[in-house]
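What the coordinates show
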Amino acid sequence: MIKLEKIYRWYQTGSTRNFVLRDINLEIEEGSFVSIMGPSGSGKSTLLNVIGMLDQADEGSYTFMDQDVFRLKEKQRVELYKKHIGFVFQAYHLIDELTVFENIETPLIYQGYKGSERKSIVSDMLDRFQIVGKKDLFPNQLSGGQQQLVGIARALAGSPKLLLADEPTGNLNSRQGEEIMDLFKKLNEEDKVTIIQVTHSEKNATYGNRIINLLDGRIEQE
Amino acid sequence: MITSIRSMLRLFSRQKGHTAILVGGLALGIAAFILIFQYVTDEWQSNKFHKNFDNLHRLSVIDAAGESQLYLPPGYNASIKNSVSGIKTIIRTTENLGAGTIQYLAAGSSESKIFKEESIFYVDKDYLHVFTFPLLAGHPDLTEPHSVALSASIAKKIFGTSDPIGQTLVIDNQFGRHIFNVKAVFEDPPSNSDLQPGVLLSFSSLNNAADRNENDWADPNGTQSSFCHYYLLMDDTFETSNLESSITSSIQNFNPENSDVNAVVQPFSHLHLAPSLNYPHPTFGSLKLVLLLVFVALLILSIAWINYINLSTVQAIDKAKGIMVRKIMGAGRKQLMARQITESLMLCIISSAIALVIVQLLQTPFNSFTGKSLSIQQLFSTPWMWTLGILLTGASILSGTYIGIVLNTSRPVQTMRGMASKSMSGLTLRRGMVVFQFAISVIFIVSTLVLYKQLHFMKSELRGLNLEQLLVIHGPTNSGDEQAGKNVAFKSALGQIPFVTAYCASNNVPGKGYNFGTDGIKRLESTLKDELKNYKVFISDEKYFDTYSIELSEGKVFSQEDTYDGWGKSGKLMVNESAAKQLGYSDKTPIAGSQILWDGNAFEITGVVKDYNHLGLQEAIEPVIFVPSVSFYYFTVKLNTEELDEKIAELKSLYAEYYPTEPFEFFFAEENYDLQYKQEQQLGTVFITAANLAILIACLGLFGLVMYTTKQRTKEIGIRKVLGASIMSIVKMLSGEFIRLVLLALFIGLSIGAYVMSKWLENFEYRTKIGWDIFIISSFLAFGIAILTVSGQAIKSALANPAKSIRND
């Protein structure tokens, strides 16, 4: 599903290059649950953003579902990730002025679903995550765990093949964190969603079936 | 769409304070713009209500001296009509010629209504056919002598609700006391009409010499005195090109003296506002003023909009997160742009709605200030409304697009990491906008200060006469012999009143004007063509000069006997210094006692009057001839203004003794004189308002920019405080940048303002200087306001708890 070859990413400061990613070669199969680990500044988030097409590499090539991502035009790239990739963030990143229902609906609008379709999909999601009663509330009326549930529901609304999560439990207490990780495991096993998560926690990493360790922008070990 | 509008409304209400500043600033700007726009469109719509607008023209002439003369002798009428093709109707009007009193004695009642009226015109019979003042009752023809047509408001004043048609009125004016039959009532002229008829009398009423009260100059067929305006109604097929030349030849053929006179035909479309700035002929309105107002309106609107953009991009930092999340969810550029433009349009609609409310609230005071009857409904009934709509919509789309671009060009990942501020472009542009806004505010401040300095200068620098404590009684306008006797008697009775310290009578007063203009005057020994030069003539008694504290530079005032005899019989007159110079007297030769020729008759100059400002300081002092006569309209008394009410009551009862049928009217010479500065006063008010508005909006803009940068530097400020920076040093750091911007704006504003106002001052013959005081006060004002705006915000962020601002990542 994902194939990264010789990926380099750097920032130019004056005449020196500060490398964030060096020579990343990585293949991820469909249906896997990967955890990316490593200390702060090791390039975890950058790698996730490159995979999620929010950021571009300076060198190397990236194939996603048989398409050469770096050669695609901006528009085609947006189409590609819009259709296949969902994002979950540490800080949830819900839109404050939208209700729970509308937040989950947003990606569907951009994917061009009709109103009635959107409604049934969102209702399904609300059901599945048991947040029907919260659908008219605004993000600031929810606890952190609930907000992250909405964030995940939103990421899954367009039924993506790949779910990218950047420290999804980072802002949650341990009980809420466990619930979210259980949910991820279930999604991976039952719904066959490929998941890549960035995490600091050894424990969370064990939920997945593959761990990638990054140090100074290099893959240390698997 | 509905979802997005709903979410926008939620966004607005979540950021109440911010949205209020945003919308408030824009609404104020739009309201000011609409008000000025109303005024300007009304000026442009002037006179267009006449059905014959396209075929109507005003005739005037350029005389031998090259001066424009709007008054022509009535007798040219027939010869122009006969010799020039294409003219359908000629209408002669004599505005305010019939000013006097109107008296109505209701049948079966002993009580009579009597009042003074200025706007009494003698007009040709087809006046109400040619001009569109719709009839409310009666018949429009004013053919028969002693016919009268009344405007609706005057008819109501006299007759109340009863039917005026067929009733009779007694009108008492310089042509004596005559009975007139009411033939018609017409709608009041709209405020944007340059012709403002109140009472129309048939011109034929003056046909008979017995009806002219010895004023034979007013013969409707006379060719000597110029006192008529000529309006021409042309055929649809007339040719403009030949019109002026054929009228010119008709006038020249009529009288060989007219060989240097040229006709000018102004179409009605050029009557109110000139078609260009260098249009040489007189107009009722001022194109310069209208263009100035358009400029002011556009400036205010543009700073309001700049402000809006400025504050919106500040707000955009808050919104950036939401926008980036949407981007990651797959929103395209077009969708985000459309959203931003919709939001901008919505804010524009809300602001416009509020602006309309503000306009409604201000309409009444604005109308009384401008003397127009403007309304929103009226504006919306003209095609100008579309200009307004397009302007507002265009501006909101443009600003929405700009804000959209600023937001869209930022990269999602960086924004998500809280680096929103760094990735936002356009800080330089925003700084430029603030400089622009402040520079405009400074220009307004400078203009206002210079304007008021000039006004003060004109009021305080009045030269050569003293108007203090002078009360002027407006006497009867009848000028027959019998009346003159009464006037003399009344005048001497005024002199008997103990509290009157000085008194005089004259035919006009300073600030109102002269009596007439003349040429045909030269020195006895002059061989030059001096008789082509123009002089103003002023009629008064011998006490006028003392009462108004006007000094002589030579000789003495004509005597009391001369006043009784009149200038024709006594052969005496006086000249002012300008007139003496124009007559060709050098400084050394004695003037008093020498003789001049006026239309071939010899007159002795008894004295030379020192030049004084008979009219406002806009104008240079003109050459004036002072002639003695008992034809008095105004009685001036000098009195101490203590216990004024009782003194006025005494004057009133004395007046009633002498003129039982005349209403008592008076004014103070100084107030009356200052009426000449009404336009400058009004301009001053416009500029003060504009300056306040500009400063207010510019401060909002500055406030926005400060908010933006301090927000951007919240973390930096926190770190500096943790490292031990004092509050003062942080305030200094934050304010410093803005102070530099304001200084730049000050420099630009002062230079442009000073340049523009020095040009404006050139309109005045007597003018003040743009001194250092103006620069210092403007700088102080603009700078002080800016510092107040900036430091408040800076102090607030300097006081913020650093622990909070650092953690808040």
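Fair warning: this is a prediction, and the values are worked out from it, not measured in the lab.

Assigned secondary structure in chain B consists of 23 helices and 25 strands. Each principal axis of the C-alpha distribution contributes one length, and for chain B these read about 100 × 60 × 60 Å. The contacts of chain B with a sequence gap of at least 6 include a subset with a gap of at least 24, amounting to 79%. Carbon and sulfur atoms form 57% of the exposed surface of chain B, whose accessible area is close to 35,500 Å². Charge centroids of chain B, computed over 67 positive and 71 negative side chains, lie 23 Å from each other.

Glancing now at the sheet that holds strand β4 (residues 59-64) of chain A. Residue and element names in this part refer to chain A. Spatially, the four strands line up as an open sheet ordered β2-β1-β4-β5, and their pairing is antiparallel. The outermost strands of the open sheet, each flanked by one partner alone, are β2 (16-28) and β5 (67-68). Direction of pairing for strand β1 (residues 2-13) relative to β2: antiparallel, over a ladder of nine bridges. Bridge pairing links L4 to L26 in β2. Sheet strands touched by helix α1 (residues 44-51): β1, β2 and β4. Its angle to β2, the strand with the most contacts, is close to 60 degrees.

With that settled, the discussion passes to empty space enclosed by the protein. A complete count under the given rule lists five cavities of 30 Å³ or more for this structure. Lining of the largest cavity is provided by 15 residues; of these, A:I85, A:G86, A:P107, A:Q111 and A:A155 occupy positions nearest its centre. There is about 50 Å³ of room inside the second largest cavity. As for the second largest cavity, its lining consists of B:I323, B:L336, B:M337, B:R339, B:Q340, B:G404, B:L407 and B:N408. Of all the elements in the fold, those that place two or more residues in the lining of the second largest cavity are α8 (333-370) and α10 (384-408) of chain B. For the lining of the second largest cavity, the element with the highest residue contribution is α8(B), accounting for four residues. Tallied by class, the residues present in the lining of the second largest cavity amount to four nonpolar, three polar and one charged.

Next up on the list: the confidence of the model for chain A. Predicted coordinates in areas of low pLDDT are best not read in detail. Considering every residue of chain A, the mean pLDDT works out to 89; 100% of them sit at 70 or more. The secondary-structure element of chain A with the lowest mean pLDDT is strand β10 (residues 218-221) of chain A, recorded at 83, while strand β8 (residues 194-198) of chain A shows the highest, at 94.

Another point: the side chain of B:T248. All names here are of chain B. Within the secondary structure, T248 sits in helix α6 (residues 240-254). A polar contact is formed between the side chain of T248 and the backbone nitrogen of A263, at a distance of 2.9 Å. Excluding residues that lie within four positions of it along the chain, T248 makes contacts with V261, N262 and A263.

Here we take up the packing of helix α3 (residues 100-110) of chain A against helix α4 (residues 115-128) of chain A. Residue and element names in this part refer to chain A. Contact pair α3 / α4: the axes reach a minimum separation of 10 Å and the direction vectors enclose 130 degrees. Judged by the angle between their axes, α3 and α4 are oblique. In this structure, α3 meets α4 at a crossing whose hand is right-handed. Here V100, F101, I104, E105, L108 and I109 of α3 come into contact with α4, specifically with R118, K119, I121, V122, M125 and L126. Classifying every residue of the contact of α3 with α4 by side-chain character gives nine nonpolar, no polar and three charged.

Where the parts come together, the accessible area they lose is often given as the size of the interface. Listed as interface residues are 21 residues of chain B and, on the opposing side, 23 residues of chain A. Regarding the contact of chain B and chain A, the summed buried area is about 2,100 Å², with carbon and sulfur atoms giving 57% of it. For the chain B face of the interface with chain A, the top three residues by lost area are B:R10, B:I328 and B:M329, together amounting to 28%. For the interface between chain B and chain A, the tally reads zero salt bridges. The tally of links between chain B and chain A comes to one residue pair in polar contact (both at pLDDT 80 or more).

Glycine aside, residues mostly have negative phi angles, and peptide bonds mostly take the trans form. The phi angle at A:Y92 is positive, at roughly 65 degrees, despite the residue not being glycine. Structurally, A:Y92 can be placed in the loop between β6 (85-88) and α3. Classification of A:Y92 as buried rests on a relative accessible area of 11%. In this model, B:E643 sits at a positive phi of 50 degrees, which is unusual for a non-glycine residue.

Right, let's get into the sheet that holds strand β7 (residues 162-166) of chain A. Residue and element names in this part refer to chain A. Taken together, six strands build an open sheet; the order of strands is β6-β7-β8-β3-β9-β10 and the sheet is mixed. The outermost strands of the open sheet, each flanked by one partner alone, are β6 and β10. The average angle at which neighbouring strand axes cross in this sheet is 25 degrees, direction not considered. The pairing of β6 with β7 spans four bridges and is parallel. Bridging across to β7, G86 finds its partner in L163. Contacts from α1 reach β3 (33-37), β6, β7, β8 and β9 (210-215) within the one sheet, and its direction differs from that of β7 by about 155 degrees. Against the sheet, helix α5 (residues 144-157) contacts β6 and β7, and its axis sits at roughly 170 degrees relative to β6.

All names here are of chain A. Relative to β4, β1 is paired through five bridges, and the arrangement is antiparallel. Residue pairing across strands places Y8 opposite E59, the latter belonging to β4. As paired elements, β4 and β5 share two bridges and run antiparallel to each other. When the sheet's bridge partners are listed, F64 is paired in β5 with Q67. The hairpin formed by β4 and β5 contains two residues between the paired strands, and M65 there has a positive phi angle of roughly 45 degrees.

Glancing now at the confidence of the model for chain B. Across chain B, the average pLDDT comes to 85, with 95% of residues at or above 70. Across residues 418-425 of chain B, where pLDDT falls below 50, the model places 18 contacts with residues more than four positions away in sequence or in other chains.

Attention now goes to the packing of aromatic side chains. All names here are of chain B. Applying the stated criterion across every chain yields a total of 42 aromatic pairs over all chains. Geometrically, the ring pair formed by W772 and F775 is tilted, given 5.6 Å between the ring centres and 55 degrees between the ring planes. Placement of both W772 and F775 in helix α22 (residues 772-799) is noted, with a separation of three residues, approximately one turn of the helix. With relative accessibility at 66%, the residue W772 sits in the exposed group.

Right, let's get into α3(A). All names here are of chain A. The element α3 is largely enclosed, with a buried count of 10 among its 11 residues. Among the residues making up α3, those that are buried are V100, F101, E102, N103, I104, E105, T106, P107, L108 and Y110. Immediately downstream of α3, the backbone of G112 shows phi near 85 degrees, a positive value.

Glancing now at the nonpolar core. Residue and element names in this part refer to chain B. Ranked by internal contacts, the top residues of the largest apolar core, which has 124 residues, are W305, F438, F444, Y544, Y548, F626 and L702. Per element, the largest residue contribution to this core is 19 residues, and it comes from helix α7 (residues 287-328). Those residues in contact with Y548, other than ones at most four positions away along the chain, are L465, N466, L467, L470, V472, C504, V509, P510, T636 and A669. The next biggest cluster of nonpolar side chains, apart from the first, holds 43 residues, and it includes L97, I154, F238 and V265.

Parameters and conventions
Residues numbered from 1 in each chain as written. Chains lettered and ligands numbered in written order. Predicted model: local features only at pLDDT ≥ 70, side-chain atom pairs only at ≥ 80, totals over all residues. Heavy atoms only, no water. Helix = DSSP H or I, 4+ residues; strand = E, 2+ residues; numbered from the N terminus. Contact = heavy atoms within 4.5 Å. Areas by Shrake-Rupley, 256 points an atom, 1.4 Å probe, with all protein chains shown as cover. Lys, Arg positive; Asp, Glu negative; His and termini not counted. Charge placed at Lys NZ, Arg CZ, Asp CG, Glu CD. Pairing = 2+ DSSP bridges. Axes fitted to C-alpha atoms, helices over the stretch in contact; angles between N-to-C directions. 1 Å grid on protein atoms, 1.4 Å probe; cavity = no way out; pocket = protein on both sides within 12 Å on 5 of 7 lines; lining within 4 Å. Points joined across faces, edges and corners; volume = space filled by probe spheres on them. Nonpolar A, V, L, I, M, F, W, Y, C, P; charged D, E, K, R; others polar. pLDDT = per-residue confidence, 0-100. Polar contact = N/O pair within 3.5 Å; in protein donor to acceptor, adjacent residues only side chain to side chain. Parallel < 35°, antiparallel > 145°, perpendicular 65-115°, else oblique. Left-handed = near helix turned anticlockwise from the far one by under 90°. Buried area = accessible area lost by both parts, 1.4 Å probe. Salt bridge = Lys/Arg side-chain N within 4 Å of Asp/Glu carboxyl O. Buried < 20%, exposed > 50% of the residue type's maximum accessible area, 1.4 Å probe, protein only. Phe/Tyr/Trp six-rings, centres within 6.5 Å; stacked < 30°, edge-to-face > 60°. Core = buried A, V, L, I, M, F, W, Y, C linked by side-chain atoms within 4.5 Å.

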